[in-house]
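# Topology and contacts: notes
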Amino acid sequence: IVSILDAGVEFNNSDLADNMWINQAEKNGTTGIDDDNNGYVDDIYGYNFCAVGNSNAMYGTLEPGDHGTHVAGTIAAVNGNGIFGCGIAGGNGTNKGVRIMSCQTINDKDGAYIGEAFTYAADNGAVISQNSWSLNNQTETPAFIETAIDYFIAYAGLDEKGNQIGPMAGGIVIFAAGNENRDISVPAILD
């Protein structure tokens, strides 16, 4: 499972739908109820971690966006189906590719709970975190984001007792850099 921290992924896109991560307990549960008791209501394909204005609330419901969908397609668009493009790990429709979990942290108007998105992804089965974003006007990564990245690296693929349940013990975090035409891209600069 690859978590996409970005704009929301268009989960019903014809080239991505077969490779979306699905939280079955929420999909088959009751709307408006946290059916799997993970602290997130109706997180079927992931969750929207963008803050609602100046409140402490998050949107929750995914708002599909072009950039998040593009990034997801680069990774997991189904290959050989004659639709759009081919993802680097999209499978061919028969042999499934990776699963995409949408962890929305970008919209046009609000900040986001980025640290919580990393934790959610690790705790819900993602072992790779793809991040095609940076923090504007920053030269250092805020401690809370670095802590969240460290959490993902340490605990992705493990259950609450530390037993490996994913394809690997621990996670990989990937950041894009250079999109902003700057010398420093934060948090991509972390080592």
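Coordinates for the structure precede this section.
Residues numbered from 1 in each chain as written. Predicted model: local features only at pLDDT ≥ 70, side-chain atom pairs only at ≥ 80, totals over all residues. Heavy atoms only, no water.

### Digging into the side chain of Asn107
- Summarising the element assignment, Asn107 is placed in the loop between strand S4 (100-104) and helix H3 (114-123).
- For Asn107, a relative accessible area of 14% puts it in the buried group.
- Separated by 2.9 Å, the side chain of Asn107 and the backbone nitrogen of Lys109 make a polar contact.
- Of the polar contacts made by the side chain of Asn107, one reaches the backbone nitrogen of Asp110; its length is 2.7 Å.
- Ignoring any residue separated from it by four or fewer positions in sequence, one finds Asn107 in contact with Cys50, Tyr59 and Glu63. (Helix = DSSP H or I, 4+ residues; strand = E, 2+ residues; numbered from the N terminus. Buried < 20%, exposed > 50% of the residue type's maximum accessible area, 1.4 Å probe, protein only. Polar contact = N/O pair within 3.5 Å; in protein donor to acceptor, adjacent residues only side chain to side chain. Contact = heavy atoms within 4.5 Å.)

### Regarding the sheet that holds strand S3 (residues 58-60)
- Reading across from one edge, S3-S2-S4-S1-S5-S6 is the order of the six strands in this open sheet, with mixed pairing throughout. One side of each edge strand has no neighbouring strand; the edge strands of this open sheet are S3 and strand S6 (172-175). For this sheet, the mean inter-axis angle between neighbouring strands, taken without regard to orientation, is 20°. (Pairing = 2+ DSSP bridges. Axes fitted to C-alpha atoms, helices over the stretch in contact; angles between N-to-C directions.)

Note that every value here comes from positions in space, so none of it alone points to a role or purpose.
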